[in-house]
Amino acid sequence: SDEALGEKIVADLEKLFPGSRSKVHGMRILRWGHAMPINFPGYLTQVRPRVAKPLGRIFFAGVDTDMPSIEGAIVSGARAADEAVRFLGRPISN
């Protein structure tokens, strides 16, 4: 069930980030093959920066943090990886 899957996800998150369970405010499980993001005026300048902002040692990537396309997912993944490397204090190699 969606509830059981959600509980497994939160339990795994709690293992990686102790205390995170209390910060989960909701979960939506979608069962289709790919996301269908639709950006609206102001999304890239107002919403995207907040969605992509790291939360402590958690870095976000995906079409919600960039343009809704495979290219956006790739770029956001590279950006999140760079942020994680900087967070760890290691040099970034090209």
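Just above, that's the structure.
Report follows, based on the coordinates. Not measured: the values here are computed from a predicted model. (Residues numbered from 1 in each chain as written. Predicted model: local features only at pLDDT ≥ 70, side-chain atom pairs only at ≥ 80, totals over all residues. Heavy atoms only, no water.)

1. Notes on the environment of Leu44
Stage number 1. In this structure, Leu44 sits in helix α2 (residues 43–52).
Stage number 2. Contact partners of Leu44, with chain neighbours within four places excluded, come to Asn39, Pro49, Asp66 and Met67. (Helix = DSSP H or I, 4+ residues; strand = E, 2+ residues; numbered from the N terminus. Contact = heavy atoms within 4.5 Å.)

2. Examining the pattern of salt bridges
Stage number 1. Evaluated as defined, the whole model comprises 3 salt bridges.
Stage number 2. Across the pair Lys15 and Asp12 runs a salt bridge, and its minimum N-O distance is 3.9 Å. Remark: Asp12 and Lys15 occur in helix α1 (residues 2–16); sequence separation between them is 3 residues, near one turn of the helix.
Stage number 3. Using a relative accessible area of 44% as the deciding quantity, one classes Asp12 as partly exposed.
Stage number 4. For Arg79, the salt bridge is made with Asp66, and the minimal N-O distance between the two is 3.0 Å. Residue Arg79 is located in helix α3 (residues 70–88), and its partner Asp66 is located in the loop between α2 and α3; the two are separated by 13 residues in the primary sequence.
Stage number 5. Given a relative accessible area of 25%, Arg79 falls into the partly exposed group. (Salt bridge = Lys/Arg side-chain N within 4 Å of Asp/Glu carboxyl O. Buried < 20%, exposed > 50% of the residue type's maximum accessible area, 1.4 Å probe, protein only.)

3. Re the packing of aromatic side chains
Stage number 1. Tallying each qualifying case throughout the model produces 2 aromatic pairs.
Stage number 2. Their ring planes at 80° and their centres at 5.4 Å tell us that Phe40 and Tyr43 sit as a pair that is edge-to-face.
Stage number 3. Look at Tyr43 and you get buried, because its relative accessible area is 9%.
Stage number 4. Consider the rings of Phe59 and Phe87, whose centres lie 5.7 Å apart with planes at 70°: the pair is edge-to-face. On the criterion of sequence distance, the pair formed by Phe59 in the loop between α2 and α3 and Phe87 in helix α3 is long-range, its members being 28 residues apart.
Stage number 5. What makes Phe87 partly exposed here is its relative accessible area of 49%. (Phe/Tyr/Trp six-rings, centres within 6.5 Å; stacked < 30°, edge-to-face > 60°.)

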